Amino acid sequence: MKAVGMVVDLITLKKWLGNYDHESITIGVVASHSSLQILHGARMEGFKTLGIAVGENRKRYYSAFPGAEPDDWLMLENYQDMIKHAEWFRERNVIIIPHGSLVEYLGSQNYANLEVPTFGNRGILNWESSRAKQREWLEDGGCVMPKVIDDPHDIDGPVIVKYAGAKGGEGYFVARDYRDFKRNVNLEEEFTIQEYVLGCRYYLHFFFDPTKNDGFQVQGRDGPLGSLELLSMDRRDESNVDEFYKLGSLRDLREMNLEPSFVVTGNMPIVIRESLLPKAFELAEGTVAASYGLEEGSRGMIGPFCLETIVTDKLEFRVFEISARIVAGSNPFIGGSPYSDINEPFMSTGRRIARCIRQAIDSDNLDSILS
Ligand code: AMP
């Protein structure tokens, strides 16, 4: 069976893993994004660790965090060189943990073709990287998404304009009508116009373990698919929209020639009303179940994912995006969260990934959680 949209198929993966010494697996991660959490979690589960970095400066600051400092480093001229080091990684029994920066630095196609075992299902990232595909997937899973406005002339009420390649909300802007849109838009870039949903943003960090048959079982068409856990939740700090209110009304801001921007600068821990949890699980369950039908032979979701939501004053969720991997919003929870602590103290998403790998090693089942 060939995994979705990837060169690396299960037969190849099994061949690589057949040559691995399962007693001395090393967890490898690009030194950025959520690497402190991943390295710390890997260490807590007894793994050797490898940091991958470009530039001594990047490496140096890890010495300030000895609890997460990698056992070894691979220093590169540029991140694309990871491709050339595939054999080097495999000779050292490395499993790479993907995060947003890895995919951004390598490019999603290069990442899909990286000839090293990686945690999770790489095929899913093809769906994550296209807004249209994401919508198809999430709606299929039962999520209600903000409406899309195809023709800018139809803008009537607040919308958010998003650029395709934007990193962390860079360049996004809010428009109230066509004039607003025209004044701000960069037509050189590919963009989407979405209804601006008024409400509170919650980024829900779930973990789906297809090898676990207890806990909250996701129901698929042919029976249970695996266990769904809610590990934590954050809200992003976005510059400068989150501080805009200090300068007065929107009209005042306009007069000062200021427009809100949505560049992520940090993350804050949060919990939601407990009565919203059943709905949150329903959305996540639907999303996981739908991931198995994305393409023929899809291996579905494996590991961490984040539903990016807005809860309106009608207490309804709108899901505006999904990240099918660990998100940096889980970084406030290296020591656990109000949700994960209920089941086991000090269980970060990074550590949960390492735990999943550890259990798969113990049950000789590594290929079911890697790609
Ligand atoms: P995204 O790149 O889709 O994760 O969006 C970046 C940021 O833009 C979010 O964190 C929100 O603050 C804001 N945002 C995105 N979509 C919407 C929406 N439909 N309505 C209101 N705010 C949004």
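Residues numbered from 1 in each chain as written. Predicted model: local features only at pLDDT ≥ 70, side-chain atom pairs only at ≥ 80, totals over all residues. Heavy atoms only, no water.

1. A few points about the site of the ligand
What counts is decided by this rule: Working definition: residue near molecule or strand if any one of its non-hydrogen atoms lies within 4 Å of it. Think of a polar contact as two N or O atoms within 3.5 Å of one another; within protein, one of them needs to be a possible hydrogen donor and the other a possible acceptor, and neighboring residues in sequence only count if both atoms come from side chains. A 1.4 Å probe and the Shrake-Rupley method give the accessible areas. Residues count as covered only by the protein chains that appear here. In DSSP terms, a helix is any run of H or I states spanning at least four residues, a strand is any run of E spanning at least two, and both are numbered starting from the N terminus. In this count, Pro and Cys sit with the nonpolar residues alongside Ala, Val, Leu, Ile, Met, Phe, Trp and Tyr, while Asp, Glu, Lys and Arg are called charged and the others, Gly among them, polar.
The environment of the ligand is made up of 18 residues, and the closest members are Lys-162, Tyr-172, Tyr-203, Glu-238 and Glu-321. The contact in question runs from an oxygen atom of the ligand to an N or O atom on the side chain of Tyr-203, over 2.4 Å. Glu-321 is positioned with one of its side-chain polar atoms (N or O) 2.4 Å from an oxygen atom of the ligand. For the ligand, whose free accessible area comes to 480 Å², the fraction covered by protein is 97%. Elements with a contribution of two residues or more to the shell around the ligand: strand 5 (159–163), strand 7 (191–195), strand 8 (200–209), strand 10 (223–240), strand 12 (303–311) and strand 13 (317–323). Looking at the shell around the ligand residue by residue, the class counts come to nine nonpolar, one polar and eight charged.

2. Notes on a negative patch on the surface
For clarity, the threshold we go by: The patch calculation keeps residues exceeding 30% relative accessible area without a salt bridge and links them within 9 Å when they carry like charges or within 5 Å when they are nonpolar (Val, Leu, Ile, Met, Phe, Trp, Tyr). In what follows, salt bridge is the name for a side-chain nitrogen of Lys or Arg lying within 4 Å of a carboxyl oxygen of Asp or Glu. The sign given to each residue is positive for Lys and Arg and negative for Asp and Glu; His and the chain ends receive no count. Charge positions come from single atoms, namely NZ of Lys, CZ of Arg, CG of Asp or CD of Glu.
A contiguous patch of negative charge on the surface is contributed by Asp-150, Asp-151, Asp-154 and Asp-156. Structurally, the position occupied by Asp-156 is in the loop between helix 9 (131–140) and strand 5.

3. Side note on the sheet that holds strand 6 (residues 173–175)
The condition is simple: A pair of strands is treated as paired once DSSP finds two or more bridges between them. To define axes, lines are fitted to C-alpha atoms, for helices over the stretch in contact only, and angles between the resulting N-to-C directions are given on a 0 to 180 degree scale.
Here we have three strands laid out as an open sheet, ordered 6-5-7, and antiparallel in their pairing. For this open sheet the edge positions go to strand 6 and strand 7, each flanked by a neighbour on one side alone. On average, each strand axis in the sheet is inclined to that of its neighbour by 30°, with strand direction left out of account. Here five bridges tie strand 5 to strand 7, and the two strands are oriented antiparallel to one another. Its bridge partner being in strand 7, Val-161 is matched across the sheet by Ile-193.

4. Points about the nonpolar core
Definition in use: Think of a nonpolar core as a cluster: buried Ala, Val, Leu, Ile, Met, Phe, Trp, Tyr and Cys residues, connected wherever their side-chain atoms sit within 4.5 Å. For the exposure calls, accessible area comes from a 1.4 Å probe over protein chains only, and a residue counts as buried if that area is under 20% of its type's maximum, exposed if over 50%, partly exposed in between. Note on contacts: a residue pair is in contact if any heavy atoms of the two residues lie within 4.5 Å.
Within the largest apolar cluster, 52 residues are counted, with the highest numbers of intra-cluster contacts made by Met-82, Phe-89, Phe-119, Ile-357, Leu-366 and Ile-369. By residue number, the principal contributor to this core is helix 14 (residues 349–362), which donates six residues. Setting aside residues no more than four positions away along its own chain, Phe-89 makes contact with Tyr-20, Leu-50, Ile-52, Leu-74, Met-82, Val-94, Ile-96 and Val-116. Counting 34 residues, the second-largest nonpolar core is a separate cluster that includes Leu-204, Ile-272, Met-301 and Val-311.

5. A few points about empty space enclosed by the protein
Unfilled space is identified by rolling a water-sized probe across the atoms. Rules: Method remark: on a 1 Å grid restricted to protein atoms, a set of points is classed as a cavity if a 1.4 Å probe fits but cannot get out and as a pocket if it is open with protein on both sides within 12 Å along at least five of seven lines; lining residues have an atom within 4 Å of a point. Grid points are joined across faces, edges and corners, and a volume is the space filled by probe spheres set on the points.
Using the criterion set out here, one finds two cavities of 30 Å³ or more in the structure. Reported here for the largest cavity is a volume of approximately 100 Å³. Around the largest cavity, the lining comprises 14 residues; the ones closest to its centre are Pro-98, Phe-119, Gly-120, Ala-324 and Arg-325. Residues that form the lining of the largest cavity fall into these classes: ten nonpolar, two polar and two charged. Along the walls of the second largest cavity sit His-205, Phe-206, Pro-304, Phe-305, Cys-306, Arg-325, Ile-326, Val-327, Ser-330 and Thr-349, which together make up its complete lining. Where the lining of the second largest cavity is concerned, the elements lending two or more residues are strand 8 and strand 12. Looking at the lining of the second largest cavity element by element, the count peaks at three residues for strand 12.

6. Describing the domain arrangement of the protein chain
Worth spelling out the cut-off: Domain delimitation follows an automatic or database domain assignment.
Each assigned domain of the protein chain is listed with its residue range as follows: domain 1 (10–143 + 200–237 + 268–368) and domain 2 (150–195). Averaged C-alpha coordinates put domain 1 and domain 2 at centres separated by 30 Å. Contacts between the two partners involve five residues from domain 1 and, on the opposite side, six residues from domain 2. On the surface where domain 1 and domain 2 come into contact, there are zero salt bridges. Where domain 1 packs against domain 2, one counts one residue pair in polar contact (both at pLDDT 80 or more). Put simply, the parts of the chain that give the side of domain 1 that touches domain 2 at least two residues each are helix 9 and strand 13. Within the side of domain 1 that touches domain 2, the residues separate by chemical class into one nonpolar, no polar and four charged.

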